[in-house]
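Read off the chains here:
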Amino acid sequence: MSLRENGSVEDQKSRGGRLRWWEWLLLVLGLAVMAAQAALASPLKSAAFDEEYHLAAGYAYLKTGDFRMSTSHPPLVDTLGALPLLLLDTITLPTDHPSWAASDYFIFSDVFLWQANDNAQEMLVYGRIAIIALAVLLAAVLFVWARQMAGPLAGWMALALAVFEPNLIANGRLLTTDLGLALFMTLTMWRLWVWLERPSRRNLILTGILAGCTMAAKFTGLMVWPMIVGVMALGRLAIGDWRFWRSRNLQSLIANLLMMAVAAYAALWAIYRFDVGLIPGSNFPLPIPAPFYPYSLWDTFRVIEEQPKAAFLLGQVSDRGWWYYFPVALALKTSLPLLGLTAVGLFIAVKDKGWGKTAVLWLPPLLFMLLAMTGRITIGYRHILPVVPFLIMLAAQVGKRLASRDWRFWPADNRQSPIANLLVLFLLLWHISGSLRLWPHQEAYFNELAGGPENGSRLLVDSNLDWGQDLIFLHQLLLERGIGEVYLGYFGTALPEKYGVVYRPLPGFMRFTAGAEIDAYNPYTPPPGWYAISETSRRLGLMLQNTDVYAYFQDKEPVACAGYSICLYRVEYPAGMPVDRVVVADGRSVADIPPEELGVVDGRLLIAKWVQPPGEIYPLGEGFARPEGFVPVAANFHGAFELVGYVLAGGETAVSPGQSISLTLYWQVGSGQVAAPRPSQAAPLAAFVHLSGADPAQIAAQFDGWPTALTGLEPGDIIVQPVTLSVQETAVPGDYFVRVGLYSPQSGQRLPLVSPVGAGDAFLLTSVLIAPPIK
């Protein structure tokens, strides 16, 4: 099947031709500019949300040949992204971690990048090199294809549009599958066009192989088959074969599709290392090649349907998405010059060759947009990134008309307009400048219709603007302003402390969704201080749990922003403002309690204190009365907390193995601070209570825990902590001692005792006799 017209081969030779030396130089320079934009920005950007998943899956596949971590995406792009990591000889793959055996890629990737290795940013930068190479290859393909299709000027237009397309640049330095899918889908359609122009078995098989790579890039790559069938069918209609489905041409069409499909599945099978077996979890009785592909495909779409995702669009929040989300995103995040040139290029292409012969340019993006509009995941422009190369190809068709100097769109229009040339040049310069002036923050690109990146968070968030990528810029911003610590509401999977950010965690998806400090956050009158809040967190709060958790900051102007994704706010209250205090002790988060129930009053500062029952808090010690059996002590830990007394239940100082001792500790909050070096890893504070012998290492019973959040505590607060010590059945009878202390679960360091002097880091509370069991 051929779509060639008379003279088309000669026309292609005259349009394309071989590149002269200066054209080669210009092409290499253009591609180098694209690579430089991405490569120079990469070390400045912290780990984006999904990057750890893709890097871990790809590296695990490379090193083990096991694709158990490639469940949500096929392995091709992830594997390519992990290839540069082979240059690093210090990487540890933690296959001994339980998450590997459980095929839990969420936990495994986190352990791989942040715990098993101490060079996470270096690993990311290396992995991104491969994706940058794919982006450069995509730009080169668009140059060649546009040149072949519409002549040299069209090729240069395509190159200029691609090299400075902000969405391609931003996704071209991210370790995700979106850029890879865009590349392989474009390659497939290019080779399909070549085969339609010059039919040969070689071109047919190559198209099939590339279609298989598209399938292996991302599961939505399966859309390549409706595209291929549609383009081929419209091609037949374009040459006047209106009855091809009733003729022998239908047999030829089916035979060609089958040959492509065999080549595609062979390529897919090779990517899965020629694995043959039963489909996991399926009742299908026969082994098939690459059985993990249909299994993970079904599992991925099942999870998508079962698990809602919070999305934001034009000030609205939804867990089901909007059918019009992606058309809106396309209109707001694609440069206006590219959109304008695309419209003109589509008009020119259809007018010159008709809808059928140009279907390879307009049908793929149309079908992909329709697919995206039917889905529930409406969280980012990146999901329609494969549309962008086809917009560029359509826009490049304008170059053909420029080269011919013929702008006669209508039969009656015989004018040749030099103004059109200047207008196209103006649009290209507008497109280029719009991307360059935003570097290195192209992921935050919004066009002038949207109001630019400054207005972006009012329209779209998540990977459109804020994907956790600006922790490095946040660290620099805090240093410049001399801010030692911030309250951080972070959206992302990276560890902020790995980038030098000193912070107290606020609610944020997905690292900070639970825990005492999160439950204690007061969204109505936040504690005074500096706040750094991701724009996605600000708009979506805790996603589906509480979308209004940052309502306090919605109308406040930030002091500054790290990039366009994390903004800095200062919370202050007037001196002498009346203060109310409330204790939340029913297990609910402060943010989940209605303000009227909590006691929020306009013009008054409400300080909320959170305690896990059966613990108690007496704000500033008011209302506290020493209970019966109270034994006063004075053990001051680092000036942060003082153990002021305890009560031993029943006054019993003797116990047998297998029995329990109950006591209650009474702490008073001091003015000292508790260091929290790794907030993402553990709670900031815990008390340890050991029943141990003369040798503290001889432990017969122990307790670890802390009942309150540190957020909201004030000097003078009294904390009541019930403790139960269960004596081991194997405990050796004898004299033991109750030793009490505080430590940081984040660092493992104990808080030193400053009083009594010389007592070390554990206070000896009382002695207990472990008596032999009564027979």
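The notes below deal with the structure included here. (Residues numbered from 1 in each chain as written. Predicted model: local features only at pLDDT ≥ 70, side-chain atom pairs only at ≥ 80, totals over all residues. Heavy atoms only, no water.)

Looking only at helices and strands, the protein features 23 helices and 22 strands. Overall, the protein is about 105 × 65 × 45 Å in size when its C-alpha atoms are taken along their principal axes. Expressed as a percentage of the 775 residues in the protein, the buried residues total 56%. Intrachain contacts of the protein at a sequence separation of at least 6 include 74% that bridge at least 24 residues. As displayed, the protein has an accessible area near 32,300 Å², and 59% of this comes from carbon and sulfur atoms. Taking the average location of the 54 positive side-chain charges in the protein and that of its 61 negative ones, the two points are 16 Å from each other. (Helix = DSSP H or I, 4+ residues; strand = E, 2+ residues; numbered from the N terminus. Buried < 20%, exposed > 50% of the residue type's maximum accessible area, 1.4 Å probe, protein only. Contact = heavy atoms within 4.5 Å. Areas by Shrake-Rupley, 256 points an atom, 1.4 Å probe, with all protein chains shown as cover. Lys, Arg positive; Asp, Glu negative; His and termini not counted. Charge placed at Lys NZ, Arg CZ, Asp CG, Glu CD.)

Tallied over the full model, the rule gives 25 salt bridges. The residue Asp470 makes a salt bridge to Lys45 at a minimum N-O spacing of 2.7 Å. On the criterion of sequence distance, the pair formed by Asp470 in the loop between helix 19 (418-436) and helix 20 (471-480) and Lys45 in the loop between helix 2 (21-41) and helix 3 (51-64) is long-range, its members being 425 residues apart. Between Glu448 and Arg437 there is a salt bridge, and its shortest N-O distance comes to 3.4 Å. Note that Glu448 is positioned in the loop between helix 19 and helix 20 and Arg437 in the loop between helix 19 and helix 20, a separation of 11 residues in sequence. Put simply, Lys45, Arg173, Glu443 and Asp470 are held in one network by salt bridges that share partners. (Salt bridge = Lys/Arg side-chain N within 4 Å of Asp/Glu carboxyl O.)

Attention now goes to a nonpolar patch on the surface. Taken together, the side chains of Trp21, Trp22, Leu25, Leu26 and Leu29 define a hydrophobic patch exposed on the protein surface, amounting to about 600 Å² of accessible area. Considering the arrangement of structural elements, one finds Leu25 in helix 2. Judged by relative accessible area, Leu25 falls into the exposed class, the value being 56%. (Patch = residues over 30% accessible without salt bridge, like charges linked within 9 Å, V, L, I, M, F, W, Y side chains within 5 Å.)

Before going further, it helps to examine the sheet that holds strand 19 (residues 718-726). The six strands lie next to each other as 12-19-16-14-13-21, forming an open sheet whose pairing is antiparallel. Edge strands, defined here as strands with exactly one partner in the open sheet, are strand 12 (616-618) and strand 21 (753-755). Between one strand and the next, the sheet's axes are offset by a mean angle of 35 degrees, whatever the strand orientation. Examined bridge by bridge, strand 13 (residues 631-637) and strand 14 (residues 641-648) share five bridges and lie antiparallel to one another. Paired with Asn636 across the two strands is Glu642, which belongs to strand 14. (Pairing = 2+ DSSP bridges. Axes fitted to C-alpha atoms, helices over the stretch in contact; angles between N-to-C directions.)

What follows covers the packing of aromatic side chains. The full count for this structure, using the stated rule, is 38 aromatic pairs. Ring geometry for Phe491 versus Phe509: centroids 6.5 Å apart, planes at 25 degrees, classification stacked. Placement of Phe491 in the loop between strand 5 (486-489) and strand 6 (503-505) and of Phe509 in the loop between strand 6 and helix 21 (516-519) is noted, with a sequence separation of 18 residues between them. Note on Phe491: relative accessible area 2%, which makes it buried. Taking relative accessible area as the criterion, Phe509 reaches 28% and is therefore assigned partly exposed. Judged by centre distance (5.7 Å) and plane angle (45 degrees), the ring pair of Tyr521 and Tyr550 falls under tilted. Placement of Tyr521 in the loop between helix 21 and strand 7 (529-534) and of Tyr550 in the loop between helix 22 (535-540) and strand 8 (560-562) is noted, with a sequence separation of 29 residues between them. Put simply, the rings of Tyr61, Phe67, Phe219, Tyr272, Phe292, Tyr293 and Tyr295 pair up and form one aromatic cluster. One cation-aromatic arrangement involves Arg273 over Tyr61; the distance from NZ or CZ to the ring centre is 5.0 Å. It is Lys556 that lies over the ring of Tyr552; its NZ or CZ is 4.7 Å from the centre. (Phe/Tyr/Trp six-rings, centres within 6.5 Å; stacked < 30°, edge-to-face > 60°. Lys NZ or Arg CZ within 6 Å of the ring centre and 35° of its normal.)

Pairing is mixed in the open sheet, where five strands are placed in the order 6-5-7-9-8. At either end of the open sheet lies a strand with only one pairing partner, and these are strand 6 and strand 8. Direction aside, the axes of adjacent strands within the sheet are offset by 30 degrees on average. The pairing of strand 5 with strand 6 spans three bridges and is parallel. Bridge pairing links Leu488 to Pro505 in strand 6.

In terms of nonpolar packing, the biggest core is built from 176 residues, with Phe112, Trp145 and Ile228 touching the most fellow members. Those residues in contact with Ile228, other than ones at most four positions away along the chain, are Thr188, Met189, Leu192, Ala211, Leu257 and Met260. Core analysis: the second largest hydrophobic core is formed by 41 residues, Val633, Leu648, Val689 and Tyr736 among them. (Core = buried A, V, L, I, M, F, W, Y, C linked by side-chain atoms within 4.5 Å.)

The hairpin formed by strand 13 and strand 14 contains three residues between the paired strands, and His638 there has a positive phi angle of roughly 60 degrees. Relative to strand 21, strand 13 runs antiparallel, the two being bridged by two bridges. Note that in strand 21 the partner of Asn636 across the bridge is Ser755.

Counting buried positions along helix 15 (residues 325-333) gives seven out of nine residues, so the element sits mostly inside the fold. Along helix 15, the positions that sit buried rather than exposed are Tyr325, Phe326, Val328, Ala329, Leu330, Leu332 and Lys333.

Here the focus is unusual backbone geometry. Backbone torsion omega between Phe509 and Met510 reads 10 degrees, so that peptide bond is classified as cis. Along the polypeptide, Met510 turns up in the loop between strand 6 and helix 21. Residue Pro614 is bonded to the preceding Pro613 through a cis peptide linkage, with omega at 15 degrees. Looking at the secondary structure, you find Pro614 in the loop between strand 11 (605-610) and strand 12. Positive phi outside glycine occurs at Ser103, with the angle close to 55 degrees. Within the fold, Ser103 resides in the loop between helix 5 (98-101) and helix 6 (105-115). Phi is positive for Leu620, close to 55 degrees, though the residue is something other than glycine. For Leu620, the position within the fold is in the loop between strand 12 and strand 13.

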